[in-house]
Amino acid sequence: MREKENDIMEHSYSPFALLLFRFKKRPPTTSFFFVFLIFLALFQIISIYSWGHSFFLPSLFTSSLVRPALDTPSLLHHEYESSTRRSSERRGGENVTAVARSTETNTRAMANITADEAEPAGYHKNGDEASVATDAANKSKDGENKQKSCLLALNSKDWLNKPRYGNEPSNFSHKLLSSSIGFSQEGPLLDHLEDLLDHQNICHEKSLFKSLENSDVAAKDETLSIRMWKIRLMYAAFYYHQHEHAIKEDRDRIRFDSSSTQNDDGHYNCHDDMEKYKVGSFDYECRNAKLIVADIQSRGIGSLIKRDLFNIFMAGIALNRTVILYNSLGKEGVGSAPWKLSSCPRHDYQCTFRPLSGCVPLIEEIYNATVVDHKDIGNYLNQFHNPLIAANNSIAAPPPEEDTRVIYYANPFSILRISPKFLMQLNRIAHSIIDELDPGDGRIPVLRKAAEAILSDSDVKHFGKFDHENSDSMIAFILYFLRPREDKARLLEEFMAKDLPEDFDSTRTLGLPFRGSDKCNQESECLTFPTYMKLLKSRWFEEEGFHQGHSNETNVTANIIVTSEVPNIMELARDFSTNELYQNKMPFHINWITNTNDVHQGNGAAHRPKLTGGATADDVMLSILSSFKLQMNAAATIGNCCSNFHQIIFHLLKGGCGLHIDNTGQCLQYRKESIYQLCCDVRSRRSCVKRRLARLRNEYNDGNITVSGVEAKLWEE
């Protein structure tokens, strides 16, 4: 046997042949065992070789230890980085760092995982703007352009397939964004400020707030210039806070489209996806955003804005949460009721106004939101009035439900003091917006001063009467919220063009928003129409540019812009004009200008109107906005500050929204004459009414005179 073995070795037979020879000399059991081992080893070798090529034979027992998982993240991430690095080198090396930072989303995109194989990738946790879709869209197979799904590369399956609280416009087209929303796709936000200011359609086109060309007016007064930039910066900060996450997601859609080819219908990949999943042109998942949601109560628009909505936004910015307002979810529970100041199918604020954010939560996220009460939010915000805590946030109590994605703000009606935390956040956002500018931009010095001025925003009550009366942050919020939808904005322009005469001269125009109906003897004392006109006569002589500017003219005509919810307001105006006693004592002839599209709903709330002629709640809201807009043309305005509606007009005027920057409005309550010092909340403040009457009797030296008697005596003077 030894010789046979030597013969085998001498002739260079394979080791396998030698083993077979030896097995012939072994006992049967031992030989069988060795043959089995040899067979197993050969099969394993063949399996490993096959896995390395295009075919694969599953190895027995040991295959799970030998074969790496095809979808192992580290392997795919390495392959993705290599691919993107090569792609970046072809593009000149741009965005290598940003691309490298994208992990899970880009990994899945390059892995060519279909919707059925894995949940779609999400938005980057670090918020980077690296291209999520470029390489995915360009990936080809066998020379064909097999484009990835746009939204499946960017959004979760749940968000795409479950009911969402979507925005207007609801068109399923990504291409509508530039005209409908105005997202700037490149460059600093402040370089697109003019477009952003155009969203505010109520302000006069030549107002100091909107018309940047008029900045030379403010340039003569540095204090005015800084204040106007302060308001514009806060307006832009509200916008940026609400849209930051949506803008990043939108830019990823843009990148996907830019690397895609059109289909047979001429549409891009994102358009097809949006139509397939019914994603509106202003709908974004905002997966990294934390949200604060609240349903809007049905009360007067002035009170609603100054209390509920401002509280919610103050909390949202202080807590760094995107604000989502909703109504009419179509299911029992919180927020199921429609907003009664609306009548379109949505039954929410978007029947009239632009969406406040591009972020769109799932309906179930709203219903399952953790409830946080107004008191808890107030406690968190109010602690920053302590200078020690304001200077060192690390010792502050933590925000309520800090780690929860969606919280619900319950009962936001009671007024909150403006929190330093809110102002600090606005200041931070404003500086970050300024940081986007080129360091050599000549606007930066005044912008920095304006941003710092945000921290000293005033919240002092004048005589303890009117909340947030002197607050520029309140003004900026009102300007942001009162942005009409594009279709409503066009109607407002048409209404004003019809209502103003061709020879309109604003320098001889007085504003008279007249509040009556349900306000009288409940929320406020009221005056008769002739008494208001007596005050306008006084204003004519007090206001520089009126009597002085027209003193050499004969037969002077003044415009009076009168707007009101009172149905017979123009009858009252005509009665005054035809009364010889009154006309003989007026220093000018009157040309009445009114909102001819005013619904005159008979009270101050669109949710309980007395409507005729088929008018709807949406018509009432449009009427309210058209009254705001028309009043921005006056050179002097008077109003009853017991009315939140009139306070909104004055806030707009103080914010530079009107044509005349010097017109900031005058409250009746701040007049020196007691007859105009109307008491608010008369049902609960009867003592105020008694004190006012006592002053009147003292002024007229008549212990029995009544308020109506004083009003009659005004025209005897």
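Each remark here, short or long, concerns the structure printed above.
Keep in mind that this is a model prediction, so the values were computed, not measured.

1. Observations regarding the nonpolar core
Moving on, step 1. Grouped together as the largest cluster of nonpolar side chains are 97 residues, with contacts concentrated most on L325, F422, F481, L482 and F628.
Moving on, step 2. The greatest single-element share of this core, amounting to 13 residues, is contributed by helix α14 (residues 222-258).
Moving on, step 3. Excluding residues within four positions of it along the chain, F628 makes contact with I202, L482, F645, I648, I649 and L652.
Moving on, step 4. Counting 37 residues, the second-largest nonpolar core is a separate cluster that includes L510, F529, I590 and I638.

2. Notes on the pattern of salt bridges
Moving on, step 1. Applying the stated criterion across every chain, the model contains 25 salt bridges.
Moving on, step 2. The shortest N-O distance in the salt bridge between D487 and R485 comes to 2.7 Å.
Moving on, step 3. Residue class for D487 comes out partly exposed when judged on its relative accessible area of 28%.
Moving on, step 4. One salt bridge connects E542 with R671, and the closest N-O pair in it is separated by 2.8 Å.

3. Quick look at the state of the cysteines
Moving on, step 1. Applying the stated criterion to the full structure yields 8 disulfides.
Moving on, step 2. Residue pairing for C150: its cysteine sulfur links by disulfide to C270, the two sulfurs lying 2.0 Å apart. Disulfide C150 to C270: torsion about the S-S bond roughly 75°, handedness right-handed. Taken together, the residues C150 in helix α9 (residues 150-154) and C270 in helix α15 (residues 269-276) connect sequence positions 120 residues apart.
Moving on, step 3. Through a disulfide, C344 is tied to C351; the S-S separation comes to 1.8 Å. Here C344 and C351 share a disulfide; its torsion about the S-S bond, -75°, makes the bridge left-handed.
Moving on, step 4. Among the residues examined, C344 registers a relative accessible area of 14% and is labelled buried.
Moving on, step 5. Its relative accessible area of 1% is what places C351 among the buried residues.

4. Some details on helix α18 (residues 374-382)
Moving on, step 1. Three or more residues of α18 are buried, namely H374, I377, G378, Y380 and L381. The buried residues of α18 occupy one face: seen down the axis, they fall within an arc of 165°.
Moving on, step 2. Buried residues in α18 make contact with β3 (291-295), α16 (301-318), β5 (370-373), β6 (406-410) and α20 (420-435).
Moving on, step 3. Capping the start of α18 is the job of one residue whose side-chain oxygen sits 3.0 Å from the backbone nitrogen of K375: D373.

5. Some thoughts on the side chain of S207
Moving on, step 1. Relative to the helices and strands, S207 resides in the loop between α12 (193-198) and α13 (215-219).
Moving on, step 2. In terms of polar contacts, S207 uses its side chain to reach the backbone carbonyl oxygen of G656, at 3.5 Å.

6. Quick notes on the environment of N327
Moving on, step 1. By the element assignment, N327 lies in the loop between β4 (322-326) and α17 (363-367).
Moving on, step 2. Separated by 20 residues in sequence, N327 and H347 place their C-alpha atoms 6.7 Å apart.

7. Overview of the packing of aromatic side chains
Moving on, step 1. For the structure shown, the criterion picks out 25 aromatic pairs.
Moving on, step 2. Between Y165 and Y326, the aromatic rings sit 6.1 Å apart at their centres with planes inclined by 80°, giving edge-to-face as the arrangement. Here Y165 is found in the loop between α10 (157-161) and α11 (177-180), whereas its partner Y326 is found in strand β4, with 161 residues between them in sequence.
Moving on, step 3. Looking at Y326, the relative accessible area reads 0%, which means it is buried.
Moving on, step 4. Directly above the ring of W159 sits R164, whose terminal nitrogen or CZ lies 4.9 Å from the centroid.
Moving on, step 5. The aromatic ring of W229 is capped on one face by R232, whose charged end is 4.6 Å from the ring centroid.

8. Section: the sheet that holds β5
Moving on, step 1. Taking strand neighbours across the sheet as the criterion, the 4 strands line up as β4-β3-β6-β5 in an open arrangement whose pairing is parallel. Pairing within the sheet leaves two strands with one partner each, and these edge strands are β4 and β5. For this sheet, the mean inter-axis angle between neighbouring strands, taken without regard to orientation, is 35°.
Moving on, step 2. Sheet contacts for α16: β3, β4 and β6; angle to β4, the most-contacted strand, approximately 150°.

9. Considering the pairing of strand β7 (residues 509-514)
Moving on, step 1. Across the 6 residues that make up β7, a large majority, 6, are buried.
Moving on, step 2. As defined by bridge partners, β7 adjoins strand β8 (residues 557-564) across 6 bridges and the pair is classed as parallel. Along β8, the bridge assignment pairs L510 with I560.
Moving on, step 3. Here β7 runs beside strand β10 (residues 636-639); their pairing, made up of 2 bridges, is parallel. Across the sheet, the residue bridging to L510 is A636, located in β10.

Reading the values: rules and limits
- Residues numbered from 1 in each chain as written.
- Predicted model: local features only at pLDDT ≥ 70, side-chain atom pairs only at ≥ 80, totals over all residues.
- Heavy atoms only, no water.
- Core = buried A, V, L, I, M, F, W, Y, C linked by side-chain atoms within 4.5 Å.
- Buried < 20%, exposed > 50% of the residue type's maximum accessible area, 1.4 Å probe, protein only.
- Helix = DSSP H or I, 4+ residues; strand = E, 2+ residues; numbered from the N terminus.
- Contact = heavy atoms within 4.5 Å.
- Salt bridge = Lys/Arg side-chain N within 4 Å of Asp/Glu carboxyl O.
- Disulfide = S-S within 2.5 Å.
- Arc of directions from axis to C-beta.
- Polar contact = N/O pair within 3.5 Å; in protein donor to acceptor, adjacent residues only side chain to side chain.
- Phe/Tyr/Trp six-rings, centres within 6.5 Å; stacked < 30°, edge-to-face > 60°.
- Lys NZ or Arg CZ within 6 Å of the ring centre and 35° of its normal.
- Pairing = 2+ DSSP bridges.
- Axes fitted to C-alpha atoms, helices over the stretch in contact; angles between N-to-C directions.

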